[in-house]
Amino acid sequence: MHKITNISTHLYDLHTFSQKSLELADVLNQIVLAAKFVSREVNKAGLTDILGAAGHTNVQDEQVQKLDVYTNEIFIELMRQSPHVKAVGSEEEDKIIIFKGKNKNNAKYIVHLDPLDGSSNIDVNVSVGTNFAIFEKKSKGKGITKEDYLQKGKDVIAAGYVVYGSSTMLVYSSGKGVHGFTLDPSIGEFILSHENIMIPKESTIYSINESYEPKWKDDFTAHIKKMKTNDDISGKAKTARYIGSLVADFHRNLLKGGIYLYPADKKSPNGKLRLLYEGIPFAFLAKHAGGYASNGQMDVLEIEPTELHQRIPLFVGNTKDVKAIEKLLKI
Ligand code: AHM
Ligand code: MG
């Protein structure tokens, strides 16, 4: 029989059972548990009309929550229950949530997450996901400072995402390769299915919302046009794929080779995506899978965060594609 590995065993193996691996495994296990709850809810989302719509009661007379509200609450609650998580930054919360209490005296991890990314796809049975990045507190003592929760991506301890698609998959890296686990719903376990993912050398896909083309600068439009015909990088035409859930678009490009682009434009001069929980997790994963992420000027992992919900333009995927965009946009 071939070896069956779940995520905690995998993490212990990678870090040879160190204290760090035990603590990190606890945090990841809480993320895994939350993801299982969310996966269950996502899978029955289409049944809400039958079971009860958000804001109303279902057939059991329970209040039904909107999926994004539910997801945010379950992730925060499970982070609260881990003795190792000191704070959580969530796309759904204005401020950083800092946990207090005796069981948190030695907590040293800060988790930034987008509990349900791809909000426009929630109600239409299209893949959505959860993205996360885990940092270690730098300051001494029980408290937490801005420097603790506004760290550069290069200081990430582990990052990953869960994609709730035709199956539910969790992909993570703790700096030693990028690994994918598929949820087996019959036993409720994430089992290692994609070990050591490397982004394919041949990049065949570009992912961008082309409806914003009238807002782009001419040289950017020309660059995208070149991708469709005779790409400078691969010498071949790329094909377009855009789901509108970053997590699902990134996942596909990671496995198939390609570039995801969300530039700054006249409507969003700083881009749309958020540095801490949308840029950094994918930049970290891309790096460890042989790819690269940039804001058009520099490596996303080198950007100094100044606020919790800071936005950036984001280009992520095959290194050569992203470097070509950087060359085009660099001031
Ligand atoms: P969200 O966090 O509100 O879901 O917004 C982020 C999403 C990404 O998942 C996706 O890639 C992008 O927004 C799509 O934006 P647009 O509809 O402008 O193409
Ligand atoms: Mg999002």
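**Student:** Looking at this structure, how should I read the coordination of the magnesium ion (ligand 2)?
**Tutor:** Ideal geometry at a metal centre: 109.5 degrees between donors when four sit tetrahedrally, and 90 or 180 degrees when six sit octahedrally. The protein atoms that coordinate the magnesium ion (ligand 2) are Glu91 (OE), Asp114 (OD), Asp117 (OD) and Glu278 (OE), at distances spanning 1.9 to 2.7 Å. Here the donor residues for the magnesium ion (ligand 2) map to a single chain with the spacing E-x22-D-x2-D-x160-E. Of this pair, glutamate 91 sits in the loop between strand E1 (85-90) and strand E2 (97-98) while glutamate 278 sits in helix H8 (residues 275-288), and the two are 187 residues apart along the sequence. The exposure class of glutamate 91 is partly exposed, given its relative accessible area of 27%. The class for glutamate 278 is buried, based on a relative accessible area of 4%.

**Student:** How do you make sense of the packing of helix H1 (residues 7-14) against helix H2 (residues 19-43) when you look at a structure like this?
**Tutor:** Angle between the axes and distance between the axes: these two values describe a pair of packed helices. Following both chains from N to C, one finds H1 and H2 inclined at 160°, their axes separated by 9 Å at the closest point. In terms of their interaxial angle, H1 and H2 are classed as roughly antiparallel. The two elements H1 and H2 meet at a crossing, and its hand is right-handed. Residue-level inspection shows Ile7, Ser8, Leu11 and Tyr12 of H1 in contact with H2, the latter providing Ser21, Leu22, Leu24, Ala25, Leu28, Asn29 and Val32. Residues of the contact of H1 with H2, tallied by class, amount to 8 nonpolar, 3 polar and no charged.

**Student:** Can you walk me through the sheet that holds E1 in this structure?
**Tutor:** Backbone hydrogen bonds are what pair the strands of a sheet, in a parallel or an antiparallel way. Strands sit in the order E2-E1-E3-E4-E5-E6-E7-E8 across an open sheet of 8 strands; the sheet is mixed. With partners counted over all chains shown, the strands left at the sheet margins are E2 and strand E8 (189-194), one partner each. Where strand E3 (residues 109-117) meets strand E4 (residues 128-136), 7 bridges bridge the pair, whose relative direction is antiparallel. Counted as the bridge partner of histidine 112 is alanine 133 from E4. Along the sheet, H1 makes contact with strand E6 (168-173), strand E7 (179-184) and E8, crossing E6 at roughly 15°. Packed on one face of the sheet, H8 meets E1, E3, E4, strand E5 (158-164) and E6 and runs near 80° to E4.

**Student:** When you look at the domain arrangement of the chain in this model, what are you seeing that I'm missing?
**Tutor:** Put simply, an interface is often sized by how much accessible area is lost when its parts join up. Examined at the domain level, the chain breaks down into domain 1 (7-194) and domain 2 (205-330). Taken residue by residue, the interface counts 45 residues in domain 1 and 30 residues in domain 2. For the pairing of domain 1 and domain 2, the buried interface totals around 2700 Å² over both sides, and the portion due to carbon and sulfur atoms is 67%. On the domain 1 side of the contact with domain 2, Leu150, Lys152 and Tyr161 bury the most area, a combined 22% of that side's loss. Applying the counting criterion to the domain 1 and domain 2 interface returns 0 salt bridges. Connecting domain 1 to domain 2 are 11 residue pairs in polar contact (both at pLDDT 80 or more). At the level of secondary structure, the elements contributing two or more residues to the side of domain 1 that touches domain 2 comprise E1, E3, E4, E5 and E6. Here the residues of the side of domain 1 that touches domain 2 are counted per class, giving 20 nonpolar, 17 polar and 8 charged.

About the criteria used
- Residues numbered from 1 in each chain as written.
- Chains lettered and ligands numbered in written order.
- Predicted model: local features only at pLDDT ≥ 70, side-chain atom pairs only at ≥ 80, totals over all residues.
- Heavy atoms only, no water.
- Donors = N, O, S within 2.8 Å, 3.2 Å for Na, K, Ca; no water.
- Helix = DSSP H or I, 4+ residues; strand = E, 2+ residues; numbered from the N terminus.
- Buried < 20%, exposed > 50% of the residue type's maximum accessible area, 1.4 Å probe, protein only.
- Axes fitted to C-alpha atoms, helices over the stretch in contact; angles between N-to-C directions.
- Parallel < 35°, antiparallel > 145°, perpendicular 65-115°, else oblique.
- Left-handed = near helix turned anticlockwise from the far one by under 90°.
- Contact = heavy atoms within 4.5 Å.
- Nonpolar A, V, L, I, M, F, W, Y, C, P; charged D, E, K, R; others polar.
- Pairing = 2+ DSSP bridges.
- Domains from an automatic or database assignment.
- Buried area = accessible area lost by both parts, 1.4 Å probe.
- Salt bridge = Lys/Arg side-chain N within 4 Å of Asp/Glu carboxyl O.
- Polar contact = N/O pair within 3.5 Å; in protein donor to acceptor, adjacent residues only side chain to side chain.

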